[in-house]
Amino acid sequence: ASLIKGKTLVKGDGATDDIDARPTSWNLLHSTVSLSFWGGIDPVSGTIIDHTHPLHGQSVADTVLAIPSGRGSCTGSQVLLELILNGIAPRAIVTRDVDPILCVGAIVAEEVFGD
């Protein structure tokens, strides 16, 4: 059995108003190719719009997104923040490599907006 070790930077509580609406599992969306959030994911629809990415056309909303890392500029944190505020972000993001850019979007959503 494999053991995954890492750090939790932003902890969710899993709370919802309707306990019956809580799913028992989330869809895993994974790729061995890093993904740019800026220019790679539409922050309004949650769809992967990078035509060169293997996950092109799929939505990140309500998934566990597993990728090696984010790719690109610091504006990726802004796109993640927009996805969170629009209610269409992945439920979790699992990366092989530490990705401080994506972490900033999640931290800002929690600290500034309480999401």
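Small disclaimer: the values here were computed from a predicted structure and weren't measured.

**As for helix 1 (residues 76-85)**
Then, in step 1: Every buried residue belonging to helix 1 is among G76, S77, V79, L80, L81 and L83, and all of these are buried.
Then, in step 2: Buried positions along helix 1 lie against strand 3 (92-95) and helix 2 (100-113).

**Re the packing of helix 1 against helix 2**
Then, in step 1: Taken N-terminus to C-terminus, the directions of helix 1 and helix 2 make an angle of 45°; their axes are 7 Å apart at the nearest point. Considering their axes alone, helix 1 and helix 2 lie oblique with respect to each other. Remark: the crossing between helix 1 and helix 2 carries right-handed chirality. Residues G76, S77, L80, L81, I84 and L85 of helix 1 form the contact with helix 2, whose participating residues are I101, L102, V104, G105, A106, V108, A109 and F113.
Then, in step 2: Residue composition of the contact of helix 1 with helix 2, grouped by class: eleven nonpolar, three polar and no charged.

**Focus: the pairing of strand 3**
Then, in step 1: Judged from the four bridges that link them, strand 2 (residues 63-67) and strand 3 form a sheet pairing that is parallel. Residue pairing for strand 3: V64 is matched across the bridge by A92.
Then, in step 2: Viewed along the sheet, the connection from strand 2 through helix 1 into strand 3 turns out right-handed.

**Some words on the confidence of the model for the chain**
Then, in step 1: The pLDDT averaged across the chain works out to 84; a share of 78% of its residues lies at or above 70.
Then, in step 2: The lowest-confidence element of the chain is helix 2, averaging 88 in pLDDT; the highest-confidence one is strand 2, averaging 94.

**Remarks on the side chain of S31**
Then, in step 1: Among the secondary structure elements, S31 is positioned in the loop between strand 1 (27-30) and strand 2.
Then, in step 2: For S31, a relative accessible area of 12% gives the class buried.
Then, in step 3: Residues in contact with S31, not counting those within four places in the same chain, are H53, P54, L55, A66, I67 and P68.

**Focus on the side chain of D50**
Then, in step 1: Turning to its location among the elements, D50 is positioned in the loop between strand 1 and strand 2.
Then, in step 2: Side chain to side chain, D50 and T52 meet in a polar contact 2.6 Å long.
Then, in step 3: Within polar-contact distance, the side chain of D50 engages the side chain of R71 at 2.8 Å.
Then, in step 4: D50 has contacts with G39, G40, H56 and R71, leaving out every residue within four places of it along the chain.

**Brief notes about the environment of T47**
Then, in step 1: Position of T47 among the secondary structure elements: in the loop between strand 1 and strand 2.
Then, in step 2: On a C-alpha basis, the gap between T47 and G57 in space is 5.9 Å, while along the polypeptide they are ten residues apart.
Then, in step 3: Beyond its immediate sequence surroundings of up to four residues, T47 is in contact with G40, I41, D42, G57, Q58 and S59.
Then, in step 4: Reaching out from T47, the side chain makes a polar contact with the side chain of S45 at a distance of 3.1 Å.

**Digging into unusual backbone geometry**
Then, in step 1: Of note, D62 is a non-glycine position whose phi angle comes to about 55°, a positive value.
Then, in step 2: In this fold, D62 is placed in the loop between strand 1 and strand 2.

Parameters at a glance
- Numbers given for residues are sequential positions, taken from 1 along each chain in its written order.
- pLDDT decides what is reported in this predicted model: residues at 70 or higher carry local features, side-chain atom pairs at 80 or more are listed and counted, and totals for whole chains, interfaces and linings draw on all residues regardless.
- In computing side-chain properties, one takes all heavy atoms of the structure into account and sets aside hydrogens as well as water.
- Using a 1.4 Å probe on the protein chains alone, a residue whose accessible area is under 20% of its type maximum counts as buried, one over 50% counts as exposed, and one in between counts as partly exposed.
- A helix here means a DSSP run of H or I that spans at least four residues, while a strand means a run of E at least two residues long, and both kinds are numbered starting from the N terminus.
- In what follows, residue pairs with any heavy atoms lying within 4.5 Å of each other are defined as contacts.
- Fitted lines through C-alpha atoms serve as axes, helices being fitted only where they are in contact, and the angles separating the N-to-C directions of these axes extend from 0 to 180 degrees.
- An angle below 35 degrees is read as roughly parallel, one above 145 as roughly antiparallel, one from 65 to 115 as roughly perpendicular, and any other as oblique.
- In this scheme the handedness of a crossing depends on how the near helix is turned from the far one: anticlockwise by less than a right angle means left-handed, clockwise means right-handed.
- Here the term charged refers only to Asp, Glu, Lys and Arg, the term nonpolar to Ala, Val, Leu, Ile, Met, Phe, Trp, Tyr, Cys and Pro, and the term polar to all other amino acids, Gly among them.
- Only strands joined by at least two bridges in the DSSP assignment are considered to pair.
- The path from the first strand over the helix to the second decides the hand: if it runs clockwise while the strands point away from the viewer, the crossover is right-handed.
- One confidence number per residue, pLDDT, is output by the predictor and ranges from 0 to 100.
- Within 3.5 Å is the distance limit for a polar contact, defined as a pair of N or O atoms, with the added protein rule that one can donate a hydrogen and the other accept it, and that residues adjacent in sequence qualify only through two side-chain atoms.

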